[in-house]
Each structure stands twice: as structure tokens, then as C-alpha cells.
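Examining the three-dimensional arrangement
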Amino acid sequence: MATTIFLRRTHLLTTILRPVVNHLYSFSTIANPDPQPNRSHPNSRTLTPLETQFETWITRLQPGFTPSDVNQALKSQTDADLAHDIFRWTAQQRGYKHDHTTYLTMIQLSLSSRRHRIAETLLDEILAGTVAPTLPLFNSLIRFCCSHRCLFNRAFDVYKRMIQQKCVPDLDTYTMLFTVLLRKFTKLNVSYIYLNSVRSLCRQMKLFGVIPDVYVLNMIIKAYSKCLEVDEAVRVFREMGLYGCEPNKYSYSYLVKGFCEKGRVFEGLKLFREMREKGLVGTSSAWMVLVCSLALERQFVEAVEVLRDMVENEMSPDMLTYRTLFEEMCRDGKGNDAVELLEEFRGKDSKMVDKHYKALLSSLHFVNWD
């Protein structure tokens, strides 16, 4: 009974109040005939120019785009960051996968814009096997690693990956690897550590049938000479003709220095004379090492001959070379000859200033007096 009474009262109130609510709604509509449009979302913002360019290039890529299409889009970019955004967005699309051309273009853009972090990330992806190996791609990675001291080991990781994936290296590959290896040949004990790597690269270069040029052969000769393995250096030197290469001044200079540092001075002098007969000048360091070595062996006639030839070719010996020769002559009782030679070279060597002349003269008198 109570429930029936409650329902009746509710129906009665609804019937009475409905006209009032409709009247109020109609009044509010008349008072505001043009309501304000909905405002935009407070978090919305204007796109940046980079985002606008990104959206533009994304719309240009038609559905079903190929690596060739993406490669063209990447090459059209001058901003490496924008190119990287396009590169990553396309990689996430269904049915698409980057190939060696897009990776190569992206690496070149990263290096030209000095985005080395991006290049290192791409390097890791390629070493993980995300793309088929090609020679230009791996050479670009090796070049990138060789240009950064902290990535020295990664250059050889890339080279090993090349071998594993049966991508045959070329002369450019070995040129970069030998060059970065020779930078480590600073001290004798350190040079021995890397000499085995040089030997290994030589064997593999022959195995793949890569014909070296003069530069690579000189690097090999320099490596052996630095480690005083002069017999191995001479062997490579004599094989240069087999590859159609003619020894140049660097070939002879590395050997002359190697023989002198090994203590085989007369063999170094023989090579030096052979070089001069061919009209080659050689490096100044090779001349100075030979002069010092001959002086220490008491071969003053040959040492003075080399020193005069050096000055005549517009190369100036350093103070150590002069002091070694003159002081050894004084120790051998030829102090007067040393003074005469000092006066002679004072007139011939334009770089011997008064300060150097007085220092040499005082040392000669001191040694002679002693």
C-alpha cells in the first residue's frame, strides 16, 4: 500500500515540473543563440618545423614503399636528425625492411653531420646481422672506426664480420687497416704486440688475391723495420717488383732506419747509396739516423759525406745529429777537424742560427779539453 502511494506522488511531481524545465531550457537557448565553439584541447601545440618536414616526407612515401624509395628520401635530407627519424619510422612499418643501400646512406649522413652516436648504433645493428653484407657498407664502417681512436678494436670486428659473411675485402679495406695499425707502432715493445696482426693481414691479403700498392707495401716494410725485423722488411722490399710497384723514397728510408737501429749500419749505407743513385732523396729522419750511426761506428768520412749531401738537398740536420758527429770526432782525437766542419756547415746550413752554433762550439771545446 505504501509503495503504491509513493509511486503515485512521484508521477504527480513529474507531471507538474516537466513544463517548468522545458520553459527554462527554451529561455536559455533564446538568450544564447550562438554558443561558443568547443575550445581545443589544452595539451595541443603547434608542430615544429622539423616535425612539419617529417610529416611532409612521410606523406610522400606511398603505401608499399621500397628501400629504393626510402633511400631517395634519405638522400634528399640535409638534416641528419630528420633523416634518422624517417629511417626509424620506415623500419617500424609492416612489410618493410631496410637493405644495405639505406644503411649506407644513413651512415654517410651521420658521419657528414658528425652524429657519431647514430653511426655507432647503426654499426651495432649491422654487426648483429640485420642487413646483408656488401663491400661499400663494411668499408664505410671500417673508415668510421679508423677515424676514431676509441673504436680501434671495432674496425677489426667489422673486418672479422666481413670474413665470416664471405664478403671479400679489397685494397681499400687493407689500406685502412694497415694505416690504423701503424699508428700503434710507437715504442718497440708496443710494436711487437701488433706485429702479429700485420703478419695476419698480409697472409689474408694474399689469400683473397688482393694486389697491394706501393703505400700498403711501404706500411708493411715500416712495420717490420720498426720491430727490427729487417730481413722480413727486405723480403717485402724485393717483392715489390712482382706487384708492379717501384720502391720510392719511403721504401728506402724505412729500410735504412731499420738497418741502422738494428746495428747493421753498412747495409743501411749500401741501401742509402742505391737510393741516391736512383735520384731519390729520402726522408730527413733516415739521413740523420744514418749520420749518427756512422759517427758511432767511427766512420767519419761516410758520415760527413751523407751530412753534406743532406744539406745540399736543402734539409737541415737537428742538433742531436751535429752533436753526435762532432763529439765523436773529438773523442777520436779529431777536434780540429770537427771545428772546421762546424764552420763549414755554419755557412751552408741556413737554419743553423747563432744560438745553435755557440752551443755546438762550446760542446766541442769541452769535449776536446776533456
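Residues numbered from 1 in each chain as written. Predicted model: local features only at pLDDT ≥ 70, side-chain atom pairs only at ≥ 80, totals over all residues. Heavy atoms only, no water.

For the record, the criterion: UniProt positions are given in the numbering used here, feature names are shortened, and annotations may be inferred rather than shown by experiment.
The protein chain is annotated in an unreviewed UniProt entry as Pentatricopeptide repeat-containing protein from Saponaria officinalis. Per UniProt, the protein chain has the following entry under Sequence similarities (unreviewed entry): "Belongs to the PPR family. P subfamily."

**Some remarks on the UniProt feature "repeat: PPR" (unreviewed entry) in the protein chain**
What counts, and what does not: Secondary structure counts use DSSP, requiring at least four H or I residues in a row for a helix and at least two E residues in a row for a strand, with both numbered from the N terminus.
UniProt's entry tags residues 134-169, 213-247, 248-282, 283-317 and 318-352 with the feature "repeat: PPR" (unreviewed entry), counted in the numbering of this structure. Overall, residues 283-317 shows 74% helix and 0% strand. The separation of its end C-alpha atoms is 11 Å. This span, residues 318-352, is 77% helix and 0% strand, and a straight line between its end C-alpha atoms measures 9 Å.

**Quick look at helix α11 (residues 214-226)**
For clarity, the threshold we go by: The length a helix should cover is 1.5 Å for every residue beyond the first. A contact between two residues is defined here by any heavy atoms of the two lying within 4.5 Å.
The terminal C-alpha atoms of α11 lie 18 Å apart, and with 13 residues this matches the ideal 18 Å at 1.5 Å per residue to within 8%. Contacts made by the buried residues of α11 are with α9 (171-182), α10 (188-207), α12 (230-239) and α13 (249-262). Phi turns positive, to about 65°, at leucine 228, one or two residues after α11.

**What to know about the packing of aromatic side chains**
Short version of the rule: The aromatic pairing rule takes the rings of Phe, Tyr and Trp, using the six-membered ring of Trp, and pairs them if the centres are within 6.5 Å, calling planes under 30 degrees apart stacked, those over 60 edge-to-face and the rest tilted. Accessible area is worked out with a 1.4 Å probe on protein chains only. A residue is then buried under 20% of its type maximum, exposed over 50%, and partly exposed in between.
Per the counting criterion, the structure on display carries 11 aromatic pairs. Centre to centre, the rings of tyrosine 159 and tyrosine 174 are 5.8 Å apart; their planes meet at 70°, and the pair counts as edge-to-face. Of this pair, tyrosine 159 sits in helix α8 (residues 152-164) while tyrosine 174 sits in helix α9, and the two are 15 residues apart along the sequence. When its relative accessible area of 0% is taken as the criterion, tyrosine 174 is described as buried. Three or more aromatic residues joined by ring pairs make a cluster, and in this case those are Phe65, Trp89 and Tyr96.

**Considering the packing of α10 against α11**
How we decide: Helix axes are fitted to C-alpha atoms over the stretch in contact, other axes to C-alpha atoms as well, and angles between N-to-C directions run from 0 to 180 degrees. It is the rotation of the near helix from the far one that decides the hand of a crossing: anticlockwise by less than a right angle makes it left-handed, clockwise makes it right-handed. Residues are grouped as follows: Ala, Val, Leu, Ile, Met, Phe, Trp, Tyr, Cys and Pro are nonpolar; Asp, Glu, Lys and Arg are charged; all remaining types, including Gly, are polar.
One way to put it is that α10 packs onto α11 with a least axis distance of 9 Å and a crossing angle of 145°. The way α10 lies across α11 gives a crossing that is left-handed. Within the contact between the two elements, α10 uses Leu188, Ser191, Leu195, Val198, Arg199, Cys202 and Met205 and α11 uses Val216, Ile220, Ala223, Tyr224 and Lys226. Its residues assigned to classes, the contact of α10 with α11 comprises 9 nonpolar, 1 polar and 2 charged.

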